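Chains, contacts and geometry: an overview
One-letter residues, chain by chain:
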Amino acid sequence: MARIVMKFGGTSMAGIERIRSVARRVKREVDAGNQVAVVVSAMAGDTDRLVNFCREASSLYDPREYDVVVSSGEQVTSGLLAIALQAAGVKARSWMGWQLPIQTSDAHASARIEDIDVAALNASLDAGEVAVIPGFQGLADGGRVTTLGRGGSDTSAVAIAAAMKADRCDIYTDVDGVYTTDPRIVPRARKLRQVTYEEMLELASVGAKVLQTRSVGLAMKENVRVQVLSSFTGDDAPMADTLPGTMIVGEEEIDVMERQLITGIAHDKNEAKITLTSVADTPGSVAAIFAPLAAANINVDMIIQNIAHQSAGRAGSTDVTFTVPAVDLAKSIQALNDAKDAIGFEELVHDTRVAKISVVGVGMKSHAGVASTMFTTLGQRGINIQAISTSEIKVSVLIHEDETELAVRVLHTAYGLDAEEAA
């Protein structure tokens, strides 16, 4: 008997027929003798609808009441799935986040899980019940409902799996696993059988949309085995533990024979480039740039400081280029302009027509030449690199957004990731 957490996203819960399909999938696990807790998202589109209601009610809404409203979508689907399971002959009950409780910080709309009391949940599972739990929500000190931020249901599922010491956490979504790159761009992309936590964390952070970044980080911290599966397979599809999608596991679990130099190529068009010209080349000048951005909670990614140059009649100066999320561009410009006197830049230039291309793989820890292959391949196709950043298992470059698909395709081939036959 295994103890499993099954998480279903909004597309899987979009309507009664799909909820019945989810109930049948859960029933198969129960019939196999497994203890099952299910974490659900709101129906596709419902959270956006609820957010818009809040905005229409008041542009200056109370974030505590916002959380009450937007968390209700998951409450609906958890109750409906419990009803569908009962109709299928499965003992089931729903548990709201505050009933367990799932204790969180009080940062409304972006709370972090601090503790989960699983005593009642364990008793329910031991009694043969399926526990259906709304993702995305929790309870802060003082008894106020909180939400974890968009995509927070993945984090809920991993946290619950860790707290109840589950054998694995199955994340059901609209894709059947993690691929070497986006199959819509590269039809020869291959589905990966296993990916390390570290690789998935990098892939999620640089544009791969399969799993939410926070959930991967939590899985790595708590050593929760996570499996990505499709919920859009027939009822006669093999069981999850006999035909896995992609397992996200520790590096020690990866079969040495299957370990590759490069695991995948990711792309992200949601970047904006900012350049500040003629910044004084003095100690503390760079800190003056990034301090106001940090104060505005803006994450800076790639950073380039050009070689200092001497201007006529003035001290040495340099240009500083960096990237921020495109959604934070306006806020970044305002923060920098407000601090212009302290920074001392001459001009602020921004560009949103950029894309970040990233090559990820634990194999590059012990192999040289990964970056060289990337730069050579892009150069041969006339693709100009505007910025570069690296980590131990990732190399990212910034290019013009019109060249995104070409860059992904040629790099996928250059690193030997193409499948023998197109999917």
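Structure report, in brief. No experiment lies behind these values; they were computed from the predicted model shown. (Residues numbered from 1 in each chain as written. Predicted model: local features only at pLDDT ≥ 70, side-chain atom pairs only at ≥ 80, totals over all residues. Heavy atoms only, no water.)

**Quick look at the overall build of the protein**
- What the protein contains, in helices and strands, is 13 helices and 19 strands.
- Compactness check: the protein gives a C-alpha radius of gyration of 24 Å against a globular reference of 22 Å for 423 residues, within 12% of the reference.
- Overall, the protein is about 85 × 55 × 35 Å in size when its C-alpha atoms are taken along their principal axes.
- Split into buried and exposed, the 423 residues of the protein put 51% on the buried side. (Helix = DSSP H or I, 4+ residues; strand = E, 2+ residues; numbered from the N terminus. Rg over C-alpha atoms; globule rule 2.2 N^0.38 Å. Buried < 20%, exposed > 50% of the residue type's maximum accessible area, 1.4 Å probe, protein only.)

**Things to note about the sheet that holds strand β3 (residues 92–94)**
- Spatially, the eight strands line up as an open sheet ordered β3-β6-β2-β1-β9-β11-β12-β10, and their pairing is mixed. Every other strand in the sheet has two partners, leaving β3 and β10 (194–196) as the edge strands with one partner each. When strand polarity is set aside, the average angle formed by the axes of neighbouring strands in this sheet is 20°.
- Where strand β2 (residues 35–40) and strand β6 (residues 130–134) come together, four bridges link them in parallel fashion. The residue bridging valine 38 from the neighbouring strand is valine 132, located in β6. (Pairing = 2+ DSSP bridges. Axes fitted to C-alpha atoms, helices over the stretch in contact; angles between N-to-C directions.)

**Notes on the packing of aromatic side chains**
- Inspection of every chain in the model, using the stated rule, returns three aromatic pairs.
- Measuring from centroid to centroid gives 4.7 Å for phenylalanine 8 and tyrosine 172, while their planes differ by 15°, and the two rings are stacked. Here phenylalanine 8 is found in strand β1 (residues 3–8), whereas its partner tyrosine 172 is found in strand β9 (residues 168–173), with 164 residues between them in sequence. Accessibility assignment for this pair places phenylalanine 8 and tyrosine 172 in one class, buried.
- The interplanar angle of 10° and the centroid separation of 5.1 Å between the aromatic rings of tyrosine 61 and tyrosine 66 together place this pair among those described as stacked.
- Sitting over the face of the ring of tryptophan 95, arginine 93 holds its NZ or CZ atom 3.5 Å from the ring centroid. (Phe/Tyr/Trp six-rings, centres within 6.5 Å; stacked < 30°, edge-to-face > 60°. Lys NZ or Arg CZ within 6 Å of the ring centre and 35° of its normal.)

**A closer look at empty space enclosed by the protein**
- Evaluated as defined, the whole model comprises two cavities of 30 Å³ or more.
- Lining the largest cavity, in full, are Val158, Ile171, Leu211, Ser215, Val216, Ala219, Val226 and Ile248.
- Counting residues per element, the lining of the largest cavity draws most heavily on helix α8 (residues 213–222), which supplies three residues.
- Looking at the lining of the largest cavity residue by residue, the class counts come to seven nonpolar, one polar and no charged. (1 Å grid on protein atoms, 1.4 Å probe; cavity = no way out; pocket = protein on both sides within 12 Å on 5 of 7 lines; lining within 4 Å. Points joined across faces, edges and corners; volume = space filled by probe spheres on them. Nonpolar A, V, L, I, M, F, W, Y, C, P; charged D, E, K, R; others polar.)

**Digging into unusual backbone geometry**
- Here leucine 100 and proline 101 are connected by a cis peptide whose omega angle stands at -5°.
- Inspection of the secondary structure puts proline 101 in the loop between β3 and β4 (102–104).
- Phi at phenylalanine 136 takes a positive value of approximately 80°, unusual for a residue other than glycine.
- Topologically, phenylalanine 136 is positioned in the loop between β6 and β7 (137–139).
- Positive phi, normally seen in glycine, also occurs at asparagine 223, with a value near 60°.
- Take asparagine 223: it is sitting in the loop between α8 and β11 (226–230).

**Thoughts on the environment of lysine 7**
- Within the fold, lysine 7 resides in strand β1.
- Between the alpha carbons of lysine 7 and lysine 91 there is a distance of 18 Å; along the sequence they are 84 residues apart.
- In this structure the side chain of lysine 7 is engaged in a polar contact, spanning 3.0 Å, whose partner is the side chain of aspartate 154. (Polar contact = N/O pair within 3.5 Å; in protein donor to acceptor, adjacent residues only side chain to side chain.)

**Description of the pattern of salt bridges**
- Across all of its chains, the model carries 21 salt bridges by this definition.
- Where lysine 7 meets aspartate 154, a salt bridge forms, and the shortest distance between an N and an O atom there is 3.0 Å. One end of the pair, lysine 7, is in strand β1; the other, aspartate 154, is in helix α6 (residues 152–163), with 147 residues separating them in the sequence.
- Among the residues examined, lysine 7 registers a relative accessible area of 7% and is labelled buried.
- Overall, the relative accessible area of 8% leaves aspartate 154 in the buried class.
- With its nearest N and O atoms 2.9 Å apart, the salt bridge here joins arginine 64 to aspartate 62. (Salt bridge = Lys/Arg side-chain N within 4 Å of Asp/Glu carboxyl O.)

**Some points on helix α5 (residues 119–126)**
- For α5, every residue scored as buried is listed here: Leu121, Ser124 and Leu125. Burial along α5 is one-sided: seen end-on, the buried residues are contained in an arc of 95°. α5 presents Ala119 and Asp126 as exposed residues on the side facing more than 90 degrees away from its buried surface.
- Contact partners of the buried residues in α5: β1, β2, β3, β6 and α6. (Arc of directions from axis to C-beta. Contact = heavy atoms within 4.5 Å.)

**What to know about the packing of helix α1 (residues 16–31) against helix α4 (residues 72–87)**
- The geometry of α1 relative to α4 is characterised by a closest axis approach of 9 Å and an angle of 60° between their N-to-C directions. Here α4 runs oblique to α1, going by the angle between their axes. Relative to α4, α1 is oriented so that their crossing is right-handed. Touching Ile16, Ile19, Val22, Ala23 and Val26 of α1 are Leu80, Leu81, Ala84 and Leu85, all from α4.
- Taken together, the residues that form the contact of α1 with α4 break down as nine nonpolar, no polar and no charged. (Parallel < 35°, antiparallel > 145°, perpendicular 65-115°, else oblique. Left-handed = near helix turned anticlockwise from the far one by under 90°.)

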